[in-house]
Amino acid sequence: MIVSRTEIAIKICYCVYSETCITTQEISYRLHHSDEYKNGLYFVFDDSNHVIYIGKVGPSKTASLYMRCIGNGKNAHSKETWYTQYARYIKFHKFPNYSDEQLLLAERIAILYERPIFNDQHTDIDTLKKYVW
């Protein structure tokens with residue numbers, strides 16, 4: 001049976017969409033030590049429930065949803081204007097049997113399907129406002 005990329009994307013996105021919302025205020029250091037928020041994909045949503053960013057958290061000891069969003073120094077999303085101004089909640093889905101390579105592929109497929117506006121690191125907010133707002 002041949003499965004299309006769109007069918008795979010829909011399955012991946014459904015897994016993430018079916019998860020419970022985590023507000024950006026609920027992301028705390030305690031999540032850094034929880035295996036619950038490792039080895040998976042996360043979608044960041046705005047006030048209008050649009051996916052504005054898709055990311056992955058790998059299985060390594062230092063990886064966590066907390067580190068990606070808040071605790072990773074200058075590379076944390078919280079240092080980005082798009083995150084502080086537009087991110088309202090996150091949905092995370094753990095893919096426990098995926099390798100890091102499979103997670104990366106799942107992330108790329110989800111990005112191609114959802115087309116979140118802030119996954120393009122070369123597009124600044126002023127440029128986006130001209131076309132979106």
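Residues numbered from 1 in each chain as written. Predicted model: local features only at pLDDT ≥ 70, side-chain atom pairs only at ≥ 80, totals over all residues. Heavy atoms only, no water.

Asks: Could you clarify how one ought to interpret the side chain of S64 in this entry?
Replies: Among the structural elements, S64 can be located in the loop between β3 (51-57) and α2 (65-71). Residue classification places S64 among the buried positions, given a relative accessible area of 1%. A polar atom in the side chain of S64 sits 3.0 Å from the backbone nitrogen of M67. (Helix = DSSP H or I, 4+ residues; strand = E, 2+ residues; numbered from the N terminus. Buried < 20%, exposed > 50% of the residue type's maximum accessible area, 1.4 Å probe, protein only. Polar contact = N/O pair within 3.5 Å; in protein donor to acceptor, adjacent residues only side chain to side chain.)

Asks: Can you walk me through the packing of aromatic side chains in this structure?
Replies: Each aromatic ring pair is specified by the distance between its two centres and by the angle formed by the two planes. The tally for this structure, following the rule as stated, stands at eleven aromatic pairs. Relative to F45, the ring of Y17 has its centre 5.7 Å away and its plane inclined at 65 degrees; by these criteria the two rings are edge-to-face. A residue pair is termed long-range when its members are at least 10 positions apart, and Y17 in helix α1 (residues 5-17) and F45 in strand β2 (residues 40-45) qualify at 28 residues. Aromatic pair F45 and Y89: ring centres 4.6 Å apart, planes at 5 degrees, arrangement stacked. Of this pair, F45 sits in strand β2 while Y89 sits in strand β4 (residues 89-94), and the two are 44 residues apart along the sequence. Residue classification places F45 among the buried positions, given a relative accessible area of 1%. Three or more aromatic residues joined by ring pairs form one cluster here, namely Y42, Y53, W82, Y83, Y86 and F118. (Phe/Tyr/Trp six-rings, centres within 6.5 Å; stacked < 30°, edge-to-face > 60°.)

Asks: Can you walk me through the packing of α1 against helix α4 (residues 100-114) in this structure?
Replies: Remark: α1 packs on α4, axes separated minimally by 9 Å, with the N-to-C direction vectors making an angle of 95 degrees. Considering the angle they form, α1 stands roughly perpendicular to α4. Here α1 contributes R5, T6, I8, A9, I10, I12, C13 and Y17 to the contact with α4, which in turn contributes A106, I109, A110, L112, Y113 and E114. Of the residues contributing to the contact of α1 with α4, the split by class is eleven nonpolar, one polar and two charged. (Axes fitted to C-alpha atoms, helices over the stretch in contact; angles between N-to-C directions. Parallel < 35°, antiparallel > 145°, perpendicular 65-115°, else oblique. Contact = heavy atoms within 4.5 Å. Nonpolar A, V, L, I, M, F, W, Y, C, P; charged D, E, K, R; others polar.)

Asks: Help me understand the confidence of the model for the protein chain, please; the structure alone is not making it clear to me.
Replies: As a general rule, the predicted coordinates of low-pLDDT regions are not to be interpreted in detail. Across the protein chain, the average pLDDT comes to 86, with 89% of residues at 70 or higher. Within the protein chain, no element has a lower average pLDDT than helix α5 (residues 125-131), which sits at 61, and none a higher one than β2, at 96. (pLDDT = per-residue confidence, 0-100.)

Asks: Would you mind showing me how to read α1 here?
Replies: Each α-helix winds once per 3.6 residues, and so residues spaced three or four apart point in a common direction. Counted at 1.5 Å a residue, the expected span for α1 with its 13 residues is 18 Å, and the 18 Å between its end C-alpha atoms agrees. Along α1, the residues classified as buried are A9, I12, C13 and V16. In a view along the axis of α1, the buried residues occupy a sector of 95 degrees, so they form one face of it. Seen from the open side of α1, the exposed residues pointing more than 90 degrees away from its buried face are K11 and Y14. Tucked into the core, α1 has its buried residues touching β2, β4 and α4. (Expected span 1.5 Å × (residues − 1). Arc of directions from axis to C-beta.)

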